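# Coordinates in review
Chain by chain, the residues:
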Amino acid sequence: MRNQQSTQGILSIIALVCLAAGWFNLFSPDVNTLLSRKVFYVLIGASFFLQAPAMKNQNFTYAMYAAAAICVLGGLFIPLGTRLESIKTVGLLGGIILSIASRPSYRQ
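Attention here is on the structure that accompanies the text. (Residues numbered from 1 in each chain as written. Predicted model: local features only at pLDDT ≥ 70, side-chain atom pairs only at ≥ 80, totals over all residues. Heavy atoms only, no water.)

Summed over the entire model, instances satisfying the criterion amount to two salt bridges. Taking the shortest distance from any N to any O, the salt bridge between arginine 37 and glutamate 85 comes out at 2.7 Å. Taken as a pair, arginine 37 in helix 2 (residues 29-51) and glutamate 85 in the loop between helix 3 (58-77) and helix 4 (86-101) lie far apart in primary sequence, 48 residues in all. Residue lysine 88 is joined to glutamate 85 by a salt bridge in which the shortest nitrogen-to-oxygen separation is 3.4 Å. A relative accessible area of 1% places lysine 88 in the buried class. The network of salt bridges with shared partners includes Arg37, Glu85 and Lys88. (Salt bridge = Lys/Arg side-chain N within 4 Å of Asp/Glu carboxyl O. Helix = DSSP H or I, 4+ residues; strand = E, 2+ residues; numbered from the N terminus. Buried < 20%, exposed > 50% of the residue type's maximum accessible area, 1.4 Å probe, protein only.)

See below:
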């Protein structure tokens, strides 16, 4: 469990580095586009796949797997510059909302 969380954290940090590299134009335009609009979504989707089994609610688990699949498949197969590209963002937002909703609440 602990190793899985570490792997997920590392994937998320690498994904954020890819996003930042694309935003700040650290490389050529083609590489920036590849990093921020393809690799980022694939890495975040992989992170969601690792997080899905840890969800408290079974419905959240299935929804997280769906969000992960949307991110990964969208990052790999949806062509850049098309109207379908916003589907990847829907998967990303869905995964973020699910991960926040599934966090344990500590009340005293």
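Counted according to the given criterion, the structure contains two aromatic pairs. Between the aromatic rings of phenylalanine 40 and tyrosine 41, the centroid separation amounts to 5.1 Å while the plane-to-plane angle is 75°, which identifies the pairing as edge-to-face. Here the two residues phenylalanine 40 and tyrosine 41 agree in accessibility, since each one is buried. (Phe/Tyr/Trp six-rings, centres within 6.5 Å; stacked < 30°, edge-to-face > 60°.)

Between helix 1 (residues 2-23) and helix 2, whose axes approach to 8 Å, the crossing angle comes to 165°. Between helix 1 and helix 2, the interaxial angle falls into the category roughly antiparallel. In terms of crossing hand, the pair formed by helix 1 and helix 2 is left-handed. Between helix 1 and helix 2, the residues in contact are Gln4, Thr7, Gln8, Leu11, Ser12, Ile14, Ala15, Cys18, Leu19, Ala21 and Gly22 and Asn32, Leu35, Ser36, Val39, Phe40, Leu43, Ile44, Ala46, Ser47, Leu50 and Gln51, respectively. (Axes fitted to C-alpha atoms, helices over the stretch in contact; angles between N-to-C directions. Parallel < 35°, antiparallel > 145°, perpendicular 65-115°, else oblique. Left-handed = near helix turned anticlockwise from the far one by under 90°. Contact = heavy atoms within 4.5 Å.)

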